[in-house]
Amino acid sequence: SWTTLELLRCINEQDQMVAHQVARVLPDIAKAVEIISERMERGGRLVYVGTGTSGRLGYMDAAECPPTYGCGEDAVTCVMAGGRDAVFHAQEALEDHGEIARSDLEKWGLKAEDTVVAASASGRTPYCVSALDYALSLGCGRVALVCNRDSEMARHADVAIEVDTGPEVIMGSTRMKAGTAQKMVMNMLSTAVMVRMGRTYDNLMIMIKARNTKANHRMLRLFSQAVGNPDLNHAREMLAAADGDLGLAVLMERTGFSLQEVQRALEAQHGHFDRALWSLEAHGTDSCKTG
């Protein structure tokens, strides 16, 4: 009996509650970021695990990380019940079979340095519980991302992020508020981890390479902003000298060192842009003092 506008207002009012509920669990999200980051420093990966909407959101977040932060293709990834086919074609029955999760993670190659972030709106999905238990057997980090308090999955994790989103506008449709909450938290996890891993400079994407026309234009603007020089022609010259690598181009501009020298510095700092910049600046200062 509602008008369309009344229906949309109801959905919008409920959606506005999500950010407030996520804010309540920021300390738990911070703990998860620290666990993931520490393990990534040792070569680990962030592995989302889920079924249905939760799995699809994991795939979405993972797919965005390499083009945004220049990380490895599997640095952030997702293992979903039913595999990639389930992203487009629902296979809901699989979530009840916990044994499949262990098999999927074994085939994928989960290792001790990895962190499993198992996502489930209900907090009791057998596939996710089993994934956390298998992660424990290998010594992996374990994070539960759920939308209920006092969840079963929380008892199987090192850190539980429990966002209490409450009843959905359409009962049981967890792609709505619960899905929004999970997407927000996943954004926070991957973004904060990449910042901690030195994949940004100030608030700029810095570790990216040109892949299309839009990215080329974006890189010119990012270079100019990072070095404080609005000359786009100069930006093009520096990016060309750095083989299209924005991070290396900025390091060269900021420090005056050659491409090979900044490459070595970045490798020595395990890909941390800020640490590489500091080390090069310190080396340049020391050289001046010696001279």
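Summary of the structure given here. (Residues numbered from 1 in each chain as written. Predicted model: local features only at pLDDT ≥ 70, side-chain atom pairs only at ≥ 80, totals over all residues. Heavy atoms only, no water.)

1. Considerations on the pairing of strand β3 (residues 115-120)
- Of all the six residues making up β3, six are buried; the element is thus mostly covered by neighbouring parts of the structure.
- Across the two faces of β3 the burial is the same, with Thr 115, Val 117 and Ala 119 and Val 116, Ala 118 and Ser 120 all buried.
- In terms of strand pairing, strand β1 (residues 46-50) meets β3 through five bridges, oriented parallel. Residue pairing for β3: Tyr 48 is matched across the bridge by Val 117.
- Where β3 meets strand β4 (residues 141-146), six bridges bridge the pair, whose relative direction is parallel. Pairing of Thr 115 across the sheet is with Gly 141, part of β4.
- Taken together, β3, helix α6 (residues 126-138) and β4 form a β-α-β motif whose crossover is right-handed. (Buried < 20%, exposed > 50% of the residue type's maximum accessible area, 1.4 Å probe, protein only. Helix = DSSP H or I, 4+ residues; strand = E, 2+ residues; numbered from the N terminus. Pairing = 2+ DSSP bridges. Right-handed = clockwise from strand over helix to strand, strands pointing away.)

2. Details of the pairing of strand β2 (residues 76-80)
- Burial within β2 is extensive, with five of its five residues counted as buried.
- Note that β1 and β2 share five bridges and pair parallel. The residue bridging Leu 46 from the neighbouring strand is Val 76, located in β2.
- In this fold, β1 hands off to helix α3 (residues 52-69), which returns the chain to β2; that crossover is right-handed.

3. Some thoughts on the environment of Ala 154
- In this fold, Ala 154 is placed in the loop between β4 and β5 (159-162).
- Sequence separation between Ala 154 and Val 129 is 25 residues; the distance between their C-alpha atoms is 9.1 Å.
- Look past the residues within four positions of Ala 154 in its chain and what remains in contact with it is Ala 144, Ala 160 and Glu 162. (Contact = heavy atoms within 4.5 Å.)

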